[in-house]
Amino acid sequence: MRNLQIIGNVPQVRRESNFGLYAEEATVIEEQPKVKKENPHFLEANTMEVTMQHLKEDCITPVFAKDNELTIPHPAFIDTVYDAANTFFSGESIDKPDIRVSHIIKGRIPEAIHKPANQLLESDKTIYYERCAFIIQIPTIYETVNGNKLTLTIGGVRAYNHTNLYSKKGAERFKVFIGFICKVCTNLCVSTDGFLSCLEVTNTRDLYQAVLEMFNKYDTAKHIHLMQTLGNSYLTEHQFCQLLGRMRLYQSLPQGYQKDIPKMLITDSQINAVAKAYINDENFGSLGNDISMWKLYNLLTGANKSSYIDSFLDRAVNATEIATGINAALHGDTKYKWFID
């Protein structure tokens with residue numbers, strides 16, 4: 001096990017490059033370490049856990065309707081990112097992917113077209129999942145931030161509803177990230193420089209290379225330092241209540257008014273979850289006390305676990321932007337000042 005080395009106030013980590021040498025068609029790594037089950041999951045509501053074996057053996061692969069060309073299936077997406085992680089972080093311990101899916105699409109084999117639904121056998125049915133999210137933890141790269149252990153984590157999201165399957169084969173859209181997971185609560189910490197929100201590729205080779213490029217550009221030390229600074233600032237209970245009220249108000253503002261305020265993607269139900277967690281959360285609740293920006297950040301990322309898969313990563317990044325923006329507003333910056341005035 002190795003920790004991030006701290007020099008001065010900024011954590012330092014090993015960087016690797018020359019990834020272009022490895023940019024070839026991704027291969028599946030067969031021998032993967034056993035996954036360590038986490039409770040709660042990194043993504044909870046509206047999803048279910050599946051195994052790679054289930055995705056490979058029990059699910060069909062969608063095609064582009066006009067030319068019958070295959071899409072990149074979920075298992076190939078996951079294996080490609082896993083293979084890239086093994087290349088870039090060679091020598092580190094890398095966990096098996098933790099996979100969540102939603103929006104099952106059901107079908108039938110041709111021989112079962114005329115059967116009543118209540119007479120269908122399992123062998124008559126076909127399925128695939130419209131949306132898939134996964135994370136891969138690297139437990140040998142970690143840091144303790146404000147008393148909480150964070151582990152380097154890689155992952156991605158695939159949602160077929162973001163690709164036009166009724167056309168000829170073209171670029172397919174993926175979302176991938178590298179960041180940290182808070183071990184005490186499995187909240188994901190994702191920053192903008194470790195996130196590709198709209199990665200469009202046509203094959204796994206290009207996907208593999210793009211993921212390696214993202215790893216190379218990601219500044220691990222900067223991300224850790226950013227999260228460390230959140231523990232040094234506090235909101236009073238009055239300011240926290242003011243923030244919740246402004247966040248609720250934001251959703252109802254006229255569109256023209258919203259343009260003058262930083263973007264906020266968190267929903268009303270998630271704001272309610274933040275309020276409840278402020279009172280009840282055993283790790284980050286602060287009822288009756290000032291709340292650190294680190295705790296507020298984790299209340300936001302915890303509430304985000306109720307998001308649908310296709311909006312999950314965008315809201316995770318937005319939670320980081322909100323927390324760091326409010327933190328800056330406490331020290332005189334005006335961009336997020338509206339939320340706590």
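Before reading on, note that the structure itself is shown above.
Residues numbered from 1 in each chain as written. Predicted model: local features only at pLDDT ≥ 70, side-chain atom pairs only at ≥ 80, totals over all residues. Heavy atoms only, no water.

A few points about unusual backbone geometry
Here is the rule we go by: Secondary structure elements are defined from DSSP: runs of H or I of at least 4 residues count as helices, runs of E of at least 2 residues count as strands, and each element is numbered from the N terminus.
You will see that N68, though not glycine, has its phi angle at about 60°, which is positive. Following the sequence through the fold, N68 ends up in the loop between α1 (52-57) and α2 (74-88).

Focus on the nonpolar core
Among soluble globular proteins, nonpolar side chains are generally buried collectively. Note the following rule: By nonpolar core is meant a set of buried Ala, Val, Leu, Ile, Met, Phe, Trp, Tyr and Cys residues that side-chain atoms within 4.5 Å join together. Categorising residues by exposure relies on relative accessible area from a 1.4 Å probe, with only protein chains included: less than 20% of the type maximum marks a residue as buried, more than 50% marks it as exposed, and the intermediate range marks it as partly exposed. Domain limits in this description derive from either an automatic procedure or a database domain assignment.
Counting 79 residues, the largest nonpolar core has F89, I99, F215, M227, I326 and F339 as the members making the most contacts within it. Here the element with the most residues in this core is strand β6 (residues 125-145); it accounts for eight residues. Two domains each donate at least three residues to this core, and these are domain 1 (48-218) and domain 2 (232-339). Judged by nonpolar contacts, the second largest core, of 15 residues, contains F42, A133, F177 and L188.

Examining the pairing of strand β8 (residues 172-182)
Short version of the rule: The pairing criterion for strands is at least two bridges between them, as found by DSSP.
Judged by how many residues are buried, β8 sits mostly within the fold: ten of eleven residues are covered. Here three bridges tie β8 to strand β9 (residues 187-189), and the two strands are oriented antiparallel to one another. By the bridge assignment, C182 is partnered in β9 with N187. Between β8 and β9, which follow one another and run antiparallel, lie four residues, and T186 among them has a positive phi close to 60°.

Details of the packing of aromatic side chains
Worth spelling out the cut-off: Aromatic contacts are taken between Phe, Tyr and Trp rings whose centres are within 6.5 Å, Trp giving its six-membered ring; a plane angle under 30 degrees counts as stacked, one over 60 as edge-to-face, and the others as tilted.
Applying the stated rule across the entire model yields twelve aromatic pairs. Aromatic side chains F77 and F134 sit 5.2 Å apart centroid to centroid with 80° between the ring planes, which places their arrangement in the edge-to-face category. One end of the pair, F77, is in helix α2; the other, F134, is in strand β6, with 57 residues separating them in the sequence. No difference in accessibility class separates F77 from F134, as the two residues are buried. Members of the aromatic cluster, connected to one another through ring pairs, are Y250, Y336, W338 and F339.

Observations regarding helix α4 (residues 220-230)
Spelled out, the test is: Pairs of N or O atoms within 3.5 Å make up the polar contacts considered here, provided that, within protein, one atom can donate a hydrogen while the other can accept it, and that residues adjacent in sequence are counted only when both atoms are side-chain atoms.
Considered for burial, the residues of α4 that qualify are T220, A221, H223, I224, M227 and L230. The N-capping residue of α4, defined by a side-chain oxygen 3.3 Å from the backbone nitrogen of A221, is D219.

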